[in-house]
Amino acid sequence: MHLGRTTLSKFLIENISGTQDGAALAALLVDVAAAVKAISALSAKGALGGATGTLDTINVQGETQKPLDVLSNTAFVNTFQLGGLVAGVASEEMDDPFPIQPPHTRGPFLAIFDPLDGSSNIDSNVSVGSIFSILRAPETGEPVLQDYLQPGVKQVAAGYSVYGPATLMVITVGNGTHGFTLDREVGNFILTHPNMQIPADTNEFAINTSNERFWEPPVTRYIGECKAGKTGPRERDFNMRWIASMVAEVHRIMMRGGIFMYPRDTKDVSKPGRLRLMYEANPMGFIVEQAGGRASTGRERILDIQPDLIHQRVPVILGSRNEVDRVVHYHAQYDAGSDQPYESPLFNERGLYRP
Ligand code: AHG
Ligand code: MN
Ligand code: MN
């Protein structure tokens, strides 16, 4: 039992119920938590719950679906339809957003989600998760596609869950980033990580280096310098991780810092990045910024991007702010045709750390 500890519901009542539509937003986030608990239970059953293996359906992203992709999508859609707090939903697993229709009632928000992130990891029993973003719905009428295409700065809430050794839910409503751990026996999310802060500096990077030959020069430069370690211009060793579950990657960065990159590459020129703006980059960007980190494409703050398409893909570089700033600087130098060494006062290898 966790007597005296803060449940997610209590946290939301105390923090947002007094704000505009705050009570409705609090209720909506409790609904999200209910869907997360359902998906957590399903994923924990593994092969016993029929959640492993591959389906013969291909989603709008051109990816073969897993049973858990579909089950998780259904869990979110049903929760939002029955909850009466959103006017429409959009999902990575659905071709188009759809408005909530009678007999269900509409609420003041739009819910956008990646129901199951990292689904290539399900059969190997590696952590997966869910990602969600909450926007305001238009005040009247049925939401149309354009209503969803709001830049990330307009998000009123965002979060992710991780289905790992423990099930966690990490959320922001714009007043910091806060983490909750599921007490499985009792069924409550308990506030275990208030005011999470991403360390500004890090020695750890996460990138899929099998794509190296497709990267742009500023990314090759940055990763090359990390790999050169003590004997390179950074004069210190770096460590690398790649889980292939963005949620698990971001959560590690929340806990101990790091930089995560899925940069622009030329592997498929029709896609300017791997990750999706609305379901992955925007909610994670909001969460990371609220924890003192940065989220950029390399050339633009993620949250400032005006979306054109619901399934739009973007380059993503996020995490510890001094490292993200460095990568952004490398992009700016490259675009300006300059090959000067990095001259940040904090990291000026020639000035501060070299005689
Ligand atoms: P999803 O399972 O929702 O399609 O997302 C997978 C994403 C992300 O979680 C991860 O960082 C990346 O794709 C992995 O890509 P690679 O398979 O190219 O490593
Ligand atoms: Mn994903
Ligand atoms: Mn997914």
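Residues numbered from 1 in each chain as written. Chains lettered and ligands numbered in written order. Predicted model: local features only at pLDDT ≥ 70, side-chain atom pairs only at ≥ 80, totals over all residues. Heavy atoms only, no water.

### Things to note about the sheet that holds strand β6 (residues 167-172)
Condition: By the convention used here, strands pair only if DSSP detects at least 2 bridges between them. Each helix is a run of H or I in the DSSP string that is no shorter than four residues. Each strand is a run of E no shorter than two, and both are numbered from the N terminus. Contact between two residues is taken to exist if any of their heavy atoms lie within 4.5 Å; hydrogens are not considered. Working convention: axes come from line fits to C-alpha atoms, limited for helices to the stretch in contact. Angles between N-to-C directions cover 0 to 180 degrees.
On the basis of which strands lie adjacent, the open sheet formed by eight strands has the order β2-β1-β3-β4-β5-β6-β7-β8 and mixed pairing. Edge strands, defined here as strands with exactly one partner in the open sheet, are β2 (98-99) and β8 (188-193). Pairing of strand β3 (residues 109-117) with strand β4 (residues 128-136), which is carried by seven bridges, proceeds in the antiparallel orientation. Note that in β4 the partner of Asp-114 across the bridge is Ile-131. Relative to the sheet, helix α3 (residues 67-83) contacts β1 (86-91), β2, β3 and β4, its axis offset from that of β3 by approximately 160°.

### Here we look at the coordination of the manganese ion (ligand 2)
Each donor-metal-donor angle in an ideal tetrahedron of four donors is 109.5 degrees, and each such angle in an ideal octahedron of six donors is either 90 or 180 degrees. Stated precisely, the cut-off is as follows: In this listing, donors mean N, O and S atoms no farther than 2.8 Å from the metal, or 3.2 Å for Na, K and Ca; water is missing from the atoms, so a site can look incomplete. Each residue's exposure class comes from its accessible area (1.4 Å probe, protein chains only) as a fraction of the maximum for that residue type: buried when under 20%, exposed when over 50%, partly exposed otherwise.
Distances from the manganese ion (ligand 2) to its protein donors, Asp-114 (OD), Asp-117 (OD) and Glu-280 (OE), fall at 1.9 to 2.1 Å. In primary-sequence terms, the residues that donate to the manganese ion (ligand 2) follow D-x2-D-x162-E. In this model, the manganese ion (ligand 2) sits 3.7 Å from the manganese ion (ligand 3), the two metals being bridged by Asp-114. For Asp-114, a relative accessible area of 1% translates into the label buried.

### Some remarks on the domain arrangement of the protein
Buried accessible area, meaning the area lost when the parts come together, often serves as the stated size of an interface. Note the cut-off: Start and end positions for the domains come from either an automated domain assignment or a database one. By buried area we mean how much accessible surface two parts lose on assembly, using a 1.4 Å probe and totalling the loss over both.
Each domain of the protein was delimited in the assignment, giving domain 1 (8-193) and domain 2 (204-337). One C-alpha centre belongs to domain 1, the other to domain 2, and the line joining them spans 24 Å. Summed over both sides, the interface of domain 1 with domain 2 buries roughly 2900 Å², with 61% coming from carbon and sulfur. The largest per-residue losses of area from domain 1 upon contact with domain 2 belong to Gln-61, Leu-149 and Tyr-160, which jointly make up 20% of the total buried on that side.

### A look at the coordination of the manganese ion (ligand 3)
Within the protein, the manganese ion (ligand 3) binds to Glu-92 (OE), Asp-114 (OD) and Leu-116 (O); these donor distances fall in the range 2.2 to 2.3 Å. Spacing between the donor residues of the manganese ion (ligand 3) along the chain follows E-x21-D-x1-L.

### Structural notes on the pairing of β3
Burial of β3 is extensive: nine of the nine residues sit out of reach of the surface. Here β1 pairs with β3 via five bridges, running parallel. When the bridges of β3 are listed, Val-86 appears paired with Phe-109.

### Observations concerning the site of ligand 1
Rules: Near is defined per residue: the residue qualifies when any heavy atom it owns lies within 4 Å of the molecule or strand. For the purposes of these results, a polar contact is taken to be a pair of N or O atoms within 3.5 Å, where, inside protein, one atom must be able to donate a hydrogen and its partner to accept one; residues adjacent in sequence count only when each atom of the pair is a side-chain atom. Residue burial considers only the protein chains on display, and all accessible areas are found by Shrake-Rupley using a 1.4 Å probe. For this scheme, ten residues count as nonpolar: Ala, Val, Leu, Ile, Met, Phe, Trp, Tyr, Cys and Pro. Four count as charged, namely Asp, Glu, Lys and Arg, and the remainder, Gly too, count as polar.
Near ligand 1 you find 18 residues, and of these Asp-117, Gly-118, Trp-242, Met-246 and Tyr-262 are the closest. Contacts to ligand 1 include Asp-117, whose side-chain N or O atom sits 2.8 Å from an oxygen atom. Met-246 places a polar main-chain atom, nitrogen or oxygen, 2.8 Å from an oxygen atom of ligand 1. The fraction of the free accessible surface of ligand 1 (470 Å²) that becomes covered by protein chains is 88%. Among the elements that make up the shell around ligand 1, the one with the highest residue count is β3 (three residues). Considered class by class, the residues forming the shell around ligand 1 number seven nonpolar, four polar and seven charged. Mapped onto the domain boundaries, the shell around ligand 1 takes at least three residues apiece from domain 1 (8-193) and domain 2 (204-337).

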